[in-house]
Amino acid sequence: MTGGLRLLARQQAKRLGIAGGLEASAMLSSLGLGRSLSGRGVIFTLHHVRPHVARACEPNRHLEVTPEFLDQAIQAVLEDGYVPLALSQLPDWLKNGDPSRPVAIFTLDDGYRDNAVHAAPVFNRHDVPFTVFVTRGLTERTHTLWWETLEALVNATGEIDYDFGNGVELLETATPSQKLAAYERIGAGIIGGHEAEAIMQLNECARSYGVNADAIVRDLVMDRRELQALTANPLAHLGAHTISHRAMAFLNREAAIDEMTASAIYVTGITGRRNRIFSYPYGFAEAVSKRDRDLALECGFDLAVTTAPGTLTDRALAHMGGLPRVSLNGLFQKARYVKALASGIPFKLLN
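Right, let's walk through the structure included here. On a predicted model such as this, the values are computed, not experimentally measured, just so you know. (Residues numbered from 1 in each chain as written. Predicted model: local features only at pLDDT ≥ 70, side-chain atom pairs only at ≥ 80, totals over all residues. Heavy atoms only, no water.)

**Some details on the environment of T157**
Point 1. Within the element layout of this structure, T157 appears in the loop between α6 (146–156) and β7 (159–163).
Point 2. In this structure, the C-alpha to C-alpha distance between T157 and T173, residues 16 residues apart in sequence, is 6.6 Å.
Point 3. If sequence neighbours within four positions are ignored, T157 has contacts with T173, K179 and Y209.
Point 4. A distance of 3.0 Å separates a polar side-chain atom of T157 from the backbone oxygen of E159. (Helix = DSSP H or I, 4+ residues; strand = E, 2+ residues; numbered from the N terminus. Contact = heavy atoms within 4.5 Å. Polar contact = N/O pair within 3.5 Å; in protein donor to acceptor, adjacent residues only side chain to side chain.)

Structure below.
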C-alpha cells in the first residue's frame, strides 16, 4: 500500500470512529442525558456555507457545509429550546439571562463571500443572529488562503516539484490518494515560526503550475464594501480575526498585540461600532497559547474564541479569552449530530 493510500485509509478509519461516537452521543442526547453537560450553551464554528461541488481531492471538505445542513442545524437547536444569540451579547447574557435556557451562537471565520450569499438567507429565515470574523489581510487582498491555494494546486497537476529544505523533490499527484498525501506533506510545514515564508513559497510554487493564490482570495472572500453591505442586515455582526491569519502562539508579544488591536480597529471602521470580540486563526491548542488568551483580554476584548471543542460550561467560561466552539463539520452533516454536539456529550466521552 502506498503512502497516499495508507493516509486515505487512516482518514477513513478516523471518520468512521468519529461517526460512531456521534451516533452514540446522539442516542444519549435523545434520552435527555446531556442537558447538564451543555452548560450555558454552545458557540458553533463555520467557514464556507455553499452548495457542494465535488473536487478530485477535498482536504478542506470539513470546512464547508451546505445551506440545507445549516438550515437543519438551526432548526435542531431551536427545537431543543436553545436561545439564539449574537456572540457580542454573550457577556450580558451570562450576567442577566435566564441560566436555565442555553444559548446557541453561530460564528463564521474568514469572511467568505458565500456567508453573505448562502448563509445569511438561512439565518434571516430563522431570525437567528450570526457573526462573521474578518481578517483584514484577506479582505484587503494583501494575504492569501494557503489551504485553499494548496488544495487548488494538488488538483491542478499530476506532479509537483517542491523544496522542503533539502533540495527539490518530485511529488506525484496523479491520483486522489497521491494528491491528499502531497497536501498533507506540504501543509504540515506551513503553520509555525516561519509561516509567512512558507506561504510565500507555496504561492510561488502554485503560480508556476497556473494557480493564482491572489485570485483565489478575490474569488472567495468579501471585500470591505461587501462587508459593509452585510452589516446592513441587523442579524449580521462582525468580529476581529487578525491582520495576517497567522498562528498567534508563534508570534512575539508585540506582533500578537498588533494583530489583535489592528484587526479590531479595522472592524470598528467597517461597522462604526467598537469591536470587542476576537477569533484566533486556526484556534487549536498549538496555535493559541495562554499568553494569547490573556492578551486578548488585556487588549480590550470582552471575549475571544478558539476552536477547542466544547460547550459553555462553568469551567470553559472561567477564562473569557479562550472560549471553546463546536465545529459544524462538513464531513458529518446530520441534524442529530448537531443536537449531540450541543449537548456536550461527545466532549465528556473524550475526557
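Moving on from the coordinates now.
**A short note on helix α9 (residues 213–220)**
Point 1. Taken together, the buried positions of α9 are occupied by A213, A215, I216, V217 and L220.
Point 2. Looking at the buried residues of α9, the elements they touch are β2 (48–49), α5 (136–139), α6 and α8 (195–208).
Point 3. For α9, the side-chain oxygen to backbone nitrogen distance between the N-cap and D214 is 2.9 Å, and the N-cap itself is N212. (Buried < 20%, exposed > 50% of the residue type's maximum accessible area, 1.4 Å probe, protein only.)

**Let's talk about the side chain of T173**
Point 1. Of note, T173 is situated in the loop between β8 (168–172) and α7 (176–187).
Point 2. What makes T173 buried here is its relative accessible area of 0%.
Point 3. Within the local environment of T173, its side chain forms a polar contact with the backbone oxygen of T157, the two atoms lying 2.7 Å apart.
Point 4. Once residues within four sequence positions are removed from consideration, T173 is found in contact with V154, T157, G158, E159, I160, Q178, K179 and A182.

**Things to note about the nonpolar core**
Point 1. Counting residues in hydrophobic clusters, the biggest one holds 82 residues, and the most contacted among them are F44, L70, F106, F123, F130 and W146.
Point 2. In this view, F123 contacts L70, I74, F106, L108, V128, P129, F130 and L235; residues no more than four positions away in its chain are not counted.
Point 3. Listed in part, the 16 residues of the second largest apolar core include L85, I105, L303 and L317. (Core = buried A, V, L, I, M, F, W, Y, C linked by side-chain atoms within 4.5 Å.)

**Some details on the pattern of salt bridges**
Point 1. Counted according to the given criterion, the structure contains 15 salt bridges.
Point 2. Among the salt bridges present, the one from R55 reaches E151, with a minimum N-O distance of 2.8 Å. One end of the pair, R55, is in the loop between β2 and β3 (64–65); the other, E151, is in helix α6, and 96 residues separate them in sequence.
Point 3. Classification of R55 as partly exposed rests on a relative accessible area of 24%.
Point 4. Look at E151 and you get buried, because its relative accessible area is 6%.
Point 5. The shortest N-O distance in the salt bridge between R113 and E226 comes to 2.7 Å. Here R113, found in the loop between β5 (103–109) and α4 (114–126), pairs with E226, found in helix α10 (residues 224–230); they are 113 residues apart in sequence, far enough to count as distant.
Point 6. Taken together, the salt bridges that share partners define one network made up of R50, R55, E58, R61, E64 and E151. (Salt bridge = Lys/Arg side-chain N within 4 Å of Asp/Glu carboxyl O.)

**Concerning the pairing of strand β9 (residues 236–240)**
Look at any regular strand and the pattern is simple: side chains alternate between the two faces of the sheet.
Point 1. The buried fraction of β9 is high, at five of five residues.
Point 2. Side-chain alternation along β9 places A236, L238 and A240 on one buried face and H237 and G239 on a second face that is also buried.
Point 3. Pairing of strand β6 (residues 130–134) with β9, which is carried by five bridges, proceeds in the parallel orientation. Paired with T131 across the two strands is H237, which belongs to β9. (Pairing = 2+ DSSP bridges.)

**Some points on unusual backbone geometry**
Point 1. In this structure, D127 takes a positive phi of about 55° despite not being glycine.
Point 2. Mapped onto the secondary structure, D127 falls in the loop between α4 and β6.
Point 3. Take D127: its relative accessible area is 54%, and that puts it in the exposed class.
Point 4. Unlike most non-glycine residues, R141 shows phi in positive territory, near 65°.
Point 5. Position of R141 among the secondary structure elements: in the loop between α5 and α6.

**A word on the pairing of β7**
Point 1. Of the two faces of β7, the one holding I160 and Y162 is buried and the one holding E159, D161 and D163 is not buried anywhere.
Point 2. Sheet topology places β7 next to β8; five bridges connect them, and they run antiparallel. Looking across to β8, one finds that E159 is bridged to E172.
Point 3. Adjacent in sequence and paired antiparallel, β7 and β8 are bridged by four residues, among which G165 carries a positive phi angle near 115°.

**As for the packing of helix α2 (residues 67–79) against helix α14 (residues 335–343)**
Pairs of packed helices are described in terms of their axes, by the angle between the two and the distance that separates them.
Point 1. Where α2 meets α14, the axes come as close as 8 Å, and the angle between the chain directions of the two elements is 50°. In terms of axis orientation, α2 runs oblique to α14. Of the two possible hands of crossing, α2 and α14 adopt the one that is right-handed. Between α2 and α14, the contacting residues are F69, Q72, A73, A76, V77 and E79 on the first element and A335, V338 and K339 on the second.
Point 2. Among the residues forming the contact of α2 with α14, the class breakdown is six nonpolar, one polar and two charged. (Axes fitted to C-alpha atoms, helices over the stretch in contact; angles between N-to-C directions. Parallel < 35°, antiparallel > 145°, perpendicular 65-115°, else oblique. Left-handed = near helix turned anticlockwise from the far one by under 90°. Nonpolar A, V, L, I, M, F, W, Y, C, P; charged D, E, K, R; others polar.)

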